[in-house]
Amino acid sequence: MSVSRASTLSGHPRSSHYYKPIRRGPSSSGGTTEAKRREATLIEEIESQSLSHPSYGVRRITAMLRRSGIIVSRKRVYRLMKLTNLVKKKRVRKHFVKRREFVVPKGPNELWEEDITYVWCGVDGWSYLFNILDCFTREWVGYVFSKLCGTSESIRCLDRAIIERFPNGSLPTNLTIRNDGGPQYTSARFLEALNAYKTIKHEVTGKNRPDEDAYVESFHRSIKEDYIWQHEFRSFQEADELMTAFFHDYNWNRPHSSLKYMTPKEFASSWALRGVNE
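We now turn to the structure provided with this report. None of the values given here were measured: they were computed from a predicted structure.

With respect to the secondary-structure elements, Leu171 resides in the loop between helix 6 (151-165) and strand 4 (176-179). Ignoring any residue separated from it by four or fewer positions in sequence, one finds Leu171 in contact with Ile162, Phe166, Tyr197, Thr199 and Ile200.

Set out below in structure tokens:
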């Protein structure tokens with residue numbers, strides 16, 4: 001029977017009679033093995049980053065990989081993190097309605113937010129971390145870590161931040177400090193210390209309105225998830241010794257999503273260069 005007749009009866013095209021499968025050579029299988037090896041190495045690096053930074057999601061893990069010299073797309077990182085059960089559920093963000101007008105920073109040193117968070121220190125119980133954050137650059141400007149939670153600590157935190165940021169004593173005329181209505185920030189002693197700087201303006205948020213100092217509230221959650229909750233401090237001294245490392249890592253090493261995954265110090269430097277070039 002002819003090939004043409006057989007094709008008509010079977011319903012298969014004539015070309016299928018002549019098809020011969022191509023045998024893969026050793027070079028092709030070697031390429032596949034090499035690709036698998038590279039992917040396994042990438043998975044190990046992703047797992048390492050996730051272990052070091054448990055709160056980081058796909059975007060920030062991708063940023064950390066790129067910062068370490070690994071060129072990889074976010075989609076590929078997502079696929080591999082999903083494969084290894086490292087993808088985190090998205091947090092539902094609550095949207096608040098702003099009822100009062102506050103200063104909106106358009107540059108560094110225009111708005112600082114100051115607040116307190118708590119740290120468990122084992123045998124020493126709760127201790128208190130006073131913080132000041134630059135709301136534009138997201139820099140952690142200054143802190144005081146103490147067993148006490150009073151006005152003296154809030155003043156000391158303010159003074160440290162001023163000295164750190166303006167060592168020559170020349171303060172800008174448009175700096176505003178915002179904090180909640182806690183007694184540490186509304187006491188006569190604190191207001192007197194603040195007024196001594198003359199040019200600094202003061203804003204106080206409304207009662208039960210964490211949305212009005214959202215920058216520092218978000219900052220507190222970040223340092224708790226990325227640093228504080230990764231340790232079980234046995235004493236105040238142990239926690240105090242690590243705070244300096246946390247302060248440095250947050251400012252110089254931790255990429256920030258709202259800063260296009262630059263660190264706060266990188267963003268501040270790029271903004272300063274932009275001003276010089278203009």
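For the rest of this paragraph, the subject is the nonpolar core. Counting residues in hydrophobic clusters, the biggest one holds 21 residues, and the most contacted among them are Trp112, Phe130, Ile132, Leu158, Ile162 and Ile200. Of the residues forming this core, the biggest block, five residues, is contributed by helix 6.

Attention now moves to a nonpolar patch on the surface. Judged by side-chain polarity, Tyr118, Trp120 and Trp126 come together as a nonpolar surface patch covering roughly 400 Å² of accessible area. One can find Tyr118 in strand 1 (residues 111-120).

Burial of strand 3 (residues 140-146) is extensive: seven of the seven residues sit out of reach of the surface. Bridge analysis of strand 2 (residues 126-134) against strand 3 gives six bridges, and the strand direction is antiparallel. Residue Leu129 lies in a different strand from strand 3, and its bridge partner there is Phe145. The antiparallel hairpin formed by strand 2 and strand 3 contains five residues in its connecting segment, where Arg138 sits at a positive phi of about 65°.

For the pair helix 6 and helix 8 (residues 188-195), interaxial distance at closest approach is 9 Å and the crossing angle is 15°. Between helix 6 and helix 8, the angle is such that the two are roughly parallel. Crossing of helix 6 against helix 8: the hand is right-handed. Between helix 6 and helix 8, the contacting residues are Thr151, Ser152, Ser154, Ile155 and Leu158 on the first element and Arg189, Phe190, Ala193 and Leu194 on the second. Broken down by class, the residue content of the contact of helix 6 with helix 8 amounts to five nonpolar, three polar and one charged.

Within the structure shown, the criterion is met by 16 aromatic pairs. The interplanar angle of 70° and the centroid separation of 5.3 Å between the aromatic rings of Trp120 and Trp126 together place this pair among those described as edge-to-face. Classification of Trp120 by relative accessible area gives partly exposed; the value is 47%. Here Trp140 and Phe219 contribute two aromatic rings whose centre-to-centre distance is 5.2 Å and whose plane-to-plane angle is 65°, an arrangement assigned as edge-to-face. You can see Trp140 sitting in strand 3 and its partner Phe219 sitting in helix 9 (residues 214-226), a full 79 residues away along the chain. The buried category is assigned to Phe219, whose relative accessible area is 2%. Grouped by ring-pair contacts, the aromatic residues Trp140, Tyr143, Phe219, Phe247 and Tyr250 constitute a single cluster. Note that Arg60 overlies the ring of Tyr56, its terminal NZ or CZ placed 5.2 Å from the centroid.

Our next topic: the side chain of Thr263. Along the chain, the position of Thr263 falls in the loop between helix 10 (236-252) and helix 11 (264-277). Here Thr263 falls in the buried class, since its relative accessible area comes to 0%. Discounting residues that sit within four places of it in the chain, Thr263 has contacts with Arg67, Asn251, Trp252, Asn253, Arg254 and Pro255.

In this section: a positive patch on the surface. Together, Arg59, Arg66, Arg74 and Lys75 line one region of the surface with positive charge. Here Arg59 is to be found in helix 4 (residues 58-67). By relative accessible area, Arg59 is classed as partly exposed at 47%.

On to the sheet that holds strand 5 (residues 201-204). An order of 3-2-1-4-5 is seen for the five strands of this open sheet, with the pairing classed as mixed. Both outer strands of the open sheet, strand 3 and strand 5, are each paired with one neighbouring strand and no more. With strand direction ignored, the average angle separating the axes of adjacent strands in the sheet is 25°. As paired strands, strand 1 and strand 2 are joined by nine bridges and run antiparallel to one another. Within the sheet, the bridge partner assigned to Thr117 lies in strand 2 and is Leu129. Across the sheet, helix 9 touches strand 1, strand 2 and strand 3, and the angle it forms with strand 1 is around 35°.

Applying the stated rule across the entire model yields twelve salt bridges. The salt bridge involving Arg178 is made with Glu113; its shortest N-O contact spans 3.0 Å. Of the two residues, Arg178 is situated in strand 4 and Glu113 in strand 1; the sequence distance between them amounts to 65 residues. The buried category is assigned to Arg178, whose relative accessible area is 4%. We classify Glu113 as buried; its relative accessible area is 0%. With a closest N to O distance of 4.0 Å, Asp124 and Lys147 form a salt bridge. Of the two residues, Asp124 sits in the loop between strand 1 and strand 2 while Lys147 sits in the loop between strand 3 and helix 6, which places them 23 residues apart along the sequence. Under the relative-accessibility criterion, Asp124 is labelled partly exposed at 33%. One network of salt bridges, with partners in common, ties together Asp134, Glu139, Arg165 and Lys265.

Criteria and thresholds
Residues numbered from 1 in each chain as written. Predicted model: local features only at pLDDT ≥ 70, side-chain atom pairs only at ≥ 80, totals over all residues. Heavy atoms only, no water. Helix = DSSP H or I, 4+ residues; strand = E, 2+ residues; numbered from the N terminus. Contact = heavy atoms within 4.5 Å. Core = buried A, V, L, I, M, F, W, Y, C linked by side-chain atoms within 4.5 Å. Buried < 20%, exposed > 50% of the residue type's maximum accessible area, 1.4 Å probe, protein only. Patch = residues over 30% accessible without salt bridge, like charges linked within 9 Å, V, L, I, M, F, W, Y side chains within 5 Å. Areas by Shrake-Rupley, 256 points an atom, 1.4 Å probe, with all protein chains shown as cover. Salt bridge = Lys/Arg side-chain N within 4 Å of Asp/Glu carboxyl O. Pairing = 2+ DSSP bridges. Axes fitted to C-alpha atoms, helices over the stretch in contact; angles between N-to-C directions. Parallel < 35°, antiparallel > 145°, perpendicular 65-115°, else oblique. Left-handed = near helix turned anticlockwise from the far one by under 90°. Nonpolar A, V, L, I, M, F, W, Y, C, P; charged D, E, K, R; others polar. Phe/Tyr/Trp six-rings, centres within 6.5 Å; stacked < 30°, edge-to-face > 60°. Lys NZ or Arg CZ within 6 Å of the ring centre and 35° of its normal. Lys, Arg positive; Asp, Glu negative; His and termini not counted. Charge placed at Lys NZ, Arg CZ, Asp CG, Glu CD.

Shape descriptors only; they carry no functional weight alone.
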